[in-house]
Amino acid sequence: MLKKAVALSIVSCMLATPGFAKDDHAAGGIPHLDHVFLIMMENHGYQQVYGNPNEPYLNSLIATGKVNLATNYFAVGHPSLTNYLEVVGGSNFGVRSDNAPDWGNSSCSPNIATKIVNADNGGGNAPVPVDTGKICPISGTGTDAETPAVDTWNEVGGPFVALADIDGVKAVPAASTVGKTIADQLDDAHMGWKSYQESLPLGSIYGVNYSNGTATNLTDFSKLAPLTSASVVQLYAVKHNPFAYFANVQEGYDRDNSLANSVGFDGPKGLYADLKSGNVPDFAFIVPNQCNDQHGRGNADAFCAFDYGQNDSGYTYGTQVGLNPGLIQQGDSTIERLVKAIHASRAWESGRSAIVIVWDENDYSGSTTQLSGLYPPQNQNRVVLTVQTNYGPQGVQSATYYNSFSLLKSLEAGFGLQCLNHACDANVGVMSDLFADGHGKN
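Residues take numbers from 1 onward in each chain, read along the sequence in its written order. In keeping with the predicted nature of the model, local features appear solely for residues at pLDDT of at least 70, side-chain atom pairs appear and are counted solely at 80 or more, and the whole-chain, interface and lining totals rest on all residues. Computation of side-chain values covers all heavy atoms of the structure but excludes hydrogens and water.

**Side note on helix H8 (residues 325–343)**
Heads up, the condition is: Starting at the N terminus, helices and strands are each numbered in turn, a helix being any DSSP run of H or I of at least four residues and a strand any DSSP run of E of at least two. A helix is expected to span 1.5 Å for every residue after the first. Think of it in three bands: residues with accessible area under 20% of the maximum for their type are buried, residues over 50% are exposed, and the middle band is partly exposed, with areas taken using a 1.4 Å probe on protein chains only.
With 19 residues, H8 extends 27 Å between its outermost C-alpha atoms, agreeing within 8% with the 27 Å of an ideal straight helix rising 1.5 Å per residue. Buried within H8 we find Gly326, Leu327, Ile328, Gly331, Asp332, Thr334, Ile335, Leu338, Val339, Ala341 and Ile342.

**Brief notes about the side chain of asparagine 421**
Applied cut-off: Two N or O atoms count as a polar contact when they lie within 3.5 Å, although within protein this holds only if one can serve as hydrogen donor and the other as acceptor, and sequence-adjacent residues are included solely when both atoms are side-chain atoms.
Along the chain, the position of asparagine 421 falls in the segment after helix H10 (404–414). Judged by relative accessible area, asparagine 421 falls into the buried class, the value being 1%. A distance of 2.8 Å separates a polar side-chain atom of asparagine 421 from the backbone oxygen of glycine 89.

**Here's the deal with the state of the cysteines**
As a reminder, the rule being used: When two cysteine sulfur atoms are found within 2.5 Å, that pair is recorded as a disulfide.
One pass over the full model with this rule turns up three disulfides. Residue pairing for cysteine 108: its cysteine sulfur links by disulfide to cysteine 136, the two sulfurs lying 2.1 Å apart. Disulfide cysteine 108 to cysteine 136: torsion about the S-S bond roughly 95 degrees, handedness right-handed. On the criterion of sequence distance, the pair formed by cysteine 108 in the loop between strand S5 (95–96) and helix H4 (111–114) and cysteine 136 in the loop between strand S7 (130–131) and strand S8 (141–143) is long-range, its members being 28 residues apart. When its relative accessible area of 24% is taken as the criterion, cysteine 108 is described as partly exposed. You can call cysteine 136 buried: its relative accessible area is 7%. There is a disulfide in this structure between cysteine 291 and cysteine 304, and the S-S distance comes to 2.0 Å.

**So, the packing of aromatic side chains**
Keep this limit in mind: When two rings of Phe, Tyr or Trp (its six-membered ring) have centres within 6.5 Å they constitute a pair, described as stacked for plane angles under 30 degrees, edge-to-face for angles over 60, and tilted for the intermediate range. Only Lys NZ and Arg CZ are tested; either one counts as a charge over a ring when it is within 6 Å of the ring centre and within 35 degrees of the ring normal.
According to the stated counting rule, one finds eleven aromatic pairs in the structure shown. Ring centres of phenylalanine 74 and tyrosine 401 lie 5.7 Å apart, and the angle between their planes is 40 degrees; this geometry places the pair in the tilted category. Note that phenylalanine 74 is positioned in strand S4 (residues 73–74) and tyrosine 401 in the loop between strand S19 (397–398) and strand S20 (402–403), a separation of 327 residues in sequence. Of the two residues, phenylalanine 74 and tyrosine 401, both sit in the buried class. Here the aromatic rings of phenylalanine 160 and tyrosine 317 are separated by 5.2 Å at their centres, their planes lie at 70 degrees, and the arrangement is edge-to-face. In this pair, phenylalanine 160 sits in the loop between strand S9 (150–151) and strand S10 (163–164) while tyrosine 317 sits in the loop between strand S16 (283–287) and H8, placing the two residues 157 residues apart along the sequence. Residue class for phenylalanine 160 comes out buried when judged on its relative accessible area of 8%. A network of ring pairs unites the aromatic residues Tyr84, Trp193, Phe243, Phe283 and Phe285 as a single cluster. In this arrangement the basic side chain of arginine 352 is found over the ring face of tyrosine 391, its NZ or CZ atom lying 5.9 Å from the centre.

**What about the sheet that holds S7?**
Heads up, the rule is: Being paired, for any two strands, means DSSP has found at least two bridges between them.
Taken in spatial order, the three strands make up an open sheet running S5-S6-S7, and their pairing is parallel. The open sheet has two free edges, formed respectively by S5 and S7, since each of these has just one partner strand.

**Observations regarding the nonpolar core**
To keep things clear, this is the line we draw: Among the buried residues, those of types Ala, Val, Leu, Ile, Met, Phe, Trp, Tyr and Cys that are joined through side-chain atoms within 4.5 Å form a nonpolar core. We call two residues in contact whenever any of their non-hydrogen atoms come within 4.5 Å of each other.
With 73 residues, the main nonpolar core has Leu38, Phe283, Ile286, Leu385, Leu407 and Phe435 as its most contacted residues. Residue contacts for leucine 385: discarding those within four places in its chain leaves Asn68, Leu69, Ala70, Tyr73, Val356, Ile357, Val358, Leu407, Met431 and Leu434.

**What to know about the pattern of salt bridges**
Our working rule: Counted as salt bridges are all cases of a side-chain nitrogen of Lys or Arg within 4 Å of a carboxyl oxygen of Asp or Glu.
In the structure shown here, the tally under the stated rule is eight salt bridges. Residue lysine 180 pairs with aspartate 188 through a salt bridge whose shortest N-O separation is 3.8 Å. Of the charged contacts in the structure, one is a salt bridge between lysine 194 and aspartate 274, with a shortest N-O distance of 2.7 Å. Linking lysine 194 in strand S12 (residues 193–197) with aspartate 274 in helix H7 (residues 271–277), this pair joins segments that are 80 residues apart in sequence. Across the pair, exposure class does not vary: lysine 194 and aspartate 274 are buried alike. If you follow the salt bridges from partner to partner, you end up with Arg96, Asp151 and Asp165 in one network.

**Things to note about the side chain of histidine 35**
Considering the arrangement of structural elements, one finds histidine 35 in strand S2 (residues 35–41). We classify histidine 35 as buried; its relative accessible area is 13%. Engagement of the side chain of histidine 35 in a polar contact is seen with the backbone oxygen of proline 281, the distance being 3.0 Å. Apart from residues no more than four positions distant in its own chain, histidine 35 is found in contact with Val280, Pro281, Asp282, Ala347, Ser350, Arg352, Ser353 and Ala354.

**Digging into the pairing of S2**
For S2, the buried fraction is high: seven of the seven residues fall into the buried class. The alternating pattern of S2 places His35, Phe37, Ile39 and Met41 on one face and Val36, Leu38 and Met40 on the opposite face, and all of these are buried. Here S2 pairs with strand S17 (residues 353–359) via seven bridges, running parallel. Note that in S17 the partner of methionine 40 across the bridge is valine 358.

**Observations regarding H10**
Among the eleven residues in H10, eleven count as buried, and that is most of the element. Where H10 is concerned, the buried positions are Ser404, Phe405, Ser406, Leu407, Leu408, Lys409, Ser410, Leu411, Glu412, Ala413 and Gly414. Phi turns positive one or two residues past the end of H10, at glycine 416, with a value near 70 degrees.

**Quick notes on the environment of glycine 438**
Tracing the backbone through its elements, the reader meets glycine 438 in the segment after H10. Sequence separation of glycine 438 and aspartate 34 is 404 residues, and the distance between their C-alpha atoms is 15 Å. With residues near it in sequence (within four places) discarded, glycine 438 still touches Tyr391 and Gly392.

**Considering the environment of cysteine 419**
Position of cysteine 419 among the secondary structure elements: in the segment after H10. Put simply, cysteine 419 and leucine 408 are eleven residues apart on the chain and 8.0 Å apart in space, counted from C-alpha to C-alpha.

Quick look at the structure:
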């Protein structure tokens, strides 16, 4: 029988005022971690993944108690890049879009410095000045962007006039922000990290915004055969590689904290080679391509097609109705392949290790009428997060309120690092029940 951790957090409608990185360690309650494998999946809410018959492997891990499950975990904002930044840096850094980096532009000012939000402004009614162009390399200090409880102007579209951030009630105020991530912290502490990105092209990824593993946005199609199409299936997407948006990573003065840390799944320095050799970094940020992470693409095959939506409208409403079963199954098979490869690595057997599987955000199910107030569960930004450790209890189901900042704070605590940005918020707790210590690992 699954063990239940039923401690419920009482949280306010407004998250606590954050600050810069603290001088003390992130928090207690998390044992020392030697390796963390964080697998990022895409664009499906809790109700769409949990119990989905086309997600048999992950649901079997949950049902048989082989992983710990957060039943009350929320992504903070939208869209993808915003969430990825929040997971690794505890802030949106003034970015509420999926826009590409303004690669190597040292003359522009980061959004945290200008306090101008880089946003899509999908509703065309932004209440504040916004920048809809490329994203200036992130650096320095400043102020990030507010995450409102309900988005009525930025990431709305189609039939939806409003979209819930978190649960539609909680909000995150703009706050003082330092432009760094857990990668900088690990490097400063002489620990290692890699961003394993499936379908990276060969060679340098500087300036690469998308790739099918061969062709990229930089490919000169005029030099190819006349019948070659310039339509590239965007398998790798830089918006899913948050570290690439930071000035120091782009500049690459420190090889251990540069674009060289972004590698593919295959090849001599890729994920599977590292797992086979057991030579894995302390923190492995693992991102399948957009056909394998359940994001989908419109110009790929049926198992990569976007969700169909209700009545083939293309718009889903937070349930399993209208999902592309092939896309869900493709993602589940990818999770199985990754987890089994990690388990087969000698890195999994040494020290304390954890595998975290998490979805970045829900499916953009919004409301056609509601502009404020608590959203029904299927329209909230609640997503699945599981934790499997090689040292502690399994089968725990935690109803404690957690969010992306809780995940970062837990990883920082496990690595003995300071908290960053909103991970320092007073009411952001660590996932001590999901990462609980056991016996037999010293």
